[in-house]
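Okay, here's what each chain looks like letter by letter:
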Amino acid sequence: MSTPNFDESPLDVAVVGGSIAGCATAIRFSQMGYRVAVFDKKAMNDQSHKRLCTHFIQPHAVPLLADLGLAHLYEPAWSVPTKAVFVTPGGLVEGPGGYVPGPPDSYALNLERRVLDPALRTAAQKQGVQYIDSTAVESIEEDESGWILNTRGESGSHPFRARLVVAADGRRSRLAKELGNATEEHPNERAALFGYFSGIKTREDNRSVFIMNDRDLACVYPLVEGRTQLVLFAEKARVEGWQGADGRLQQFMNYFDDLPDAPSMAEAVPETGLLGYSDYPSQVREPVVGSVPFVGDAALSVDAMSGVGCGFALVSADLLARSFADRSLDKADLTAGLAEYRQRFEEVLLPHVETICGDSLVEKNEASRQRMFQVISGNEELSQKYLALSGRMLMPNEFQRDLVRALMSRGAAGLKR
Ligand SMILES: Cc1cc2nc3c(=O)[nH]c(=O)nc-3n(C[C@H](O)[C@H](O)[C@H](O)COP(=O)(O)OP(=O)(O)OC[C@H]3O[C@@H](n4cnc5c(N)ncnc54)[C@H](O)[C@@H]3O)c2cc1C
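Criteria and cut-off values
Residues numbered from 1 in each chain as written. Predicted model: local features only at pLDDT ≥ 70, side-chain atom pairs only at ≥ 80, totals over all residues. Buried ≥ 20, exposed ≤ 12 C-beta atoms within 10 Å, placed from the backbone. Helix = DSSP H or I, 4+ residues; strand = E, 2+ residues; numbered from the N terminus. Pairing = 2+ DSSP bridges. Near = placed C-beta within 6 Å. Nonpolar A, V, L, I, M, F, W, Y, C, P; charged D, E, K, R; others polar. Axes fitted to C-alpha atoms, helices over the stretch in contact; angles between N-to-C directions. Parallel < 35°, antiparallel > 145°, perpendicular 65-115°, else oblique. Contact = placed C-beta atoms within 7 Å.

*Asks:* So what exactly am I meant to see when it comes to the pairing of strand S15 (residues 216-222) here?
*Replies:* If a strand is regular, its side chains alternate between the two faces of the sheet. The buried fraction of S15 amounts to 6 of the 7 residues, a majority that puts the element mostly inside the structure. Two strands pair when backbone bridges link them, and strand S14 (residues 208-213) and S15 are joined in this way by 5 bridges, in the antiparallel orientation. Note on S15: the bridge partner recorded for Ile 211 is Ala 218. Bridge count between S15 and strand S16 (residues 228-235): 6 bridges; the pairing is antiparallel. Within S16, the residue paired with Val 220 across the bridge is Leu 230. Where S15 hands over to S16, the hairpin turn is made up of 5 residues, of which Glu 225 adopts a positive phi near 65°.

In structure tokens form, the structure reads like this:
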């Protein structure tokens, strides 16, 4: 899909990686009037999209789609507006009343990557971004006038020049290795399996249901056209024994069938086989190295159970763009813009990492977990805050403070009795 007759004069901004973070960054810098190109190593067509993703866009990131020219994706033809309901060991945690679509940051979106990824590439091209696919950036070098990107495409290797290079090249970031941006890893004790089904009757209010079963999380996501995505984040030992493609699918369906709070599987018809991973540690990198900013998974790729990666990709692109809103790409402005991006990233995104990594460990003390969820479920304000935290609308320390207070007052009430 490369732009034909590509103009090889120096770029203002070269974005390495043309998925969510890369396209979002490219669109925002192009909107500021810069000459931007995105490079992606994969060949792209109208159907190209990431397959290993479960499509839940958290509420904090939903409004950002409109800024990218993608407001049409809120419509029912393209996505399902939804809210989370948690079935916990201490009771139900859900918002009051039925589902009423409100302003875009009051709900999440079940927006499939088969829709989002091509829409982002189209929006980027409409905005004037040059999308250069089938072209891997193999290395970058800096000189007095900026960066040289050494690329390899179908027609061989080729250098490009740019004033700013943005690393949006995902979890296995080549630029991180090139620039010595070390990866801090945190263990994840669960494996993931997911599949697409028709014939499952989900809730009429379109809520996405998250069932904490033992130490697993089983998720039911309504998708467009009455389809359903089922996702299981399970203790590794549980699914290791699910052998062979057919056997695994049957065990997976049996698992959901046995869950009292999951919809019936009686009429479920699998669309495809299962996808998933057996190990997916969280990864954290510096948001800026030298004069190169990192966005999306290249900077922060955490446990998929938290369902935040797409949102964080959109938010990090937004934070970077906002840090350059009133600045040029001249040296002094560039340094100040990157310092601001680092600060925003550390304030807005990093505080979520510790709790997400904590949740990746299988909780051994079931009694204290049950007590905590009884307190959350039994307190309407705390339930709202739990939902806001999971939607990344609230900072973890604010939730923790209120939770500790509620636990203490419950303890005090118990002592008085
Ligand atoms: C099982 C699973 C379920 C998930 N579910 C959710 C969910 O429900 N909600 C959610 O928000 N997130 C979810 N995520 C996370 C989400 O998929 C990622 O966080 C998101 O795709 C990150 O986008 P990105 O643009 O940063 O990186 P990627 O989507 O990884 O894109 C990186 C791009 O860079 C390109 N590239 C790499 N190296 C080069 C190079 N050298 N030159 C040129 N191009 C290069 C690649 O081809 C790729 O297109 C899930 C992840 C997994 C694994």
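*Asks:* I'm lost on the sheet that holds strand S3 (residues 56-57) in this one. Help?
*Replies:* Neighbouring strands of a sheet are bound in pairs by backbone hydrogen bonds; such pairs are parallel or else antiparallel. Strand order in the open sheet formed by 3 strands is S3-S7-S4, and the pairing between neighbours is antiparallel. Single-partner strands in this sheet number two, and they are S3 and strand S4 (80-82). Sheet topology places S3 next to strand S7 (residues 108-110); 2 bridges connect them, and they run antiparallel. Each bridged residue has a counterpart across the sheet, and for Phe 56 the counterpart in S7 is Asn 110.

*Asks:* Just checking my understanding: could you explain the site of the ligand for this structure?
*Replies:* Every one of the 39 residues lining the ligand counts as a neighbour, but Gly 17, Ser 19, Gly 170, Gly 296 and Gly 309 are closest to it. For the shell around the ligand, the secondary structure elements donating two or more residues are helix H1 (20-31), S3, strand S9 (136-143) and helix H7 (309-323). With 4 residues, H7 is the largest single contributor of residues to the shell around the ligand. In the shell around the ligand, the residues fall into 19 nonpolar, 12 polar and 8 charged.

*Asks:* Looking at this structure, how should I read the packing of helix H10 (residues 366-377) against helix H11 (residues 380-390)?
*Replies:* When two helices pack together, their arrangement is given by the angle between their axes and by how far apart the axes lie. Contact pair H10 / H11: the axes reach a minimum separation of 6 Å and the direction vectors enclose 110°. Relative to H11, H10 is oriented roughly perpendicular. In contact with Val 375, Ile 376 and Ser 377 of H10, H11 contributes Leu 382, Ser 383 and Tyr 386. Per-class residue counts for the contact of H10 with H11 are 4 nonpolar, 2 polar and no charged.

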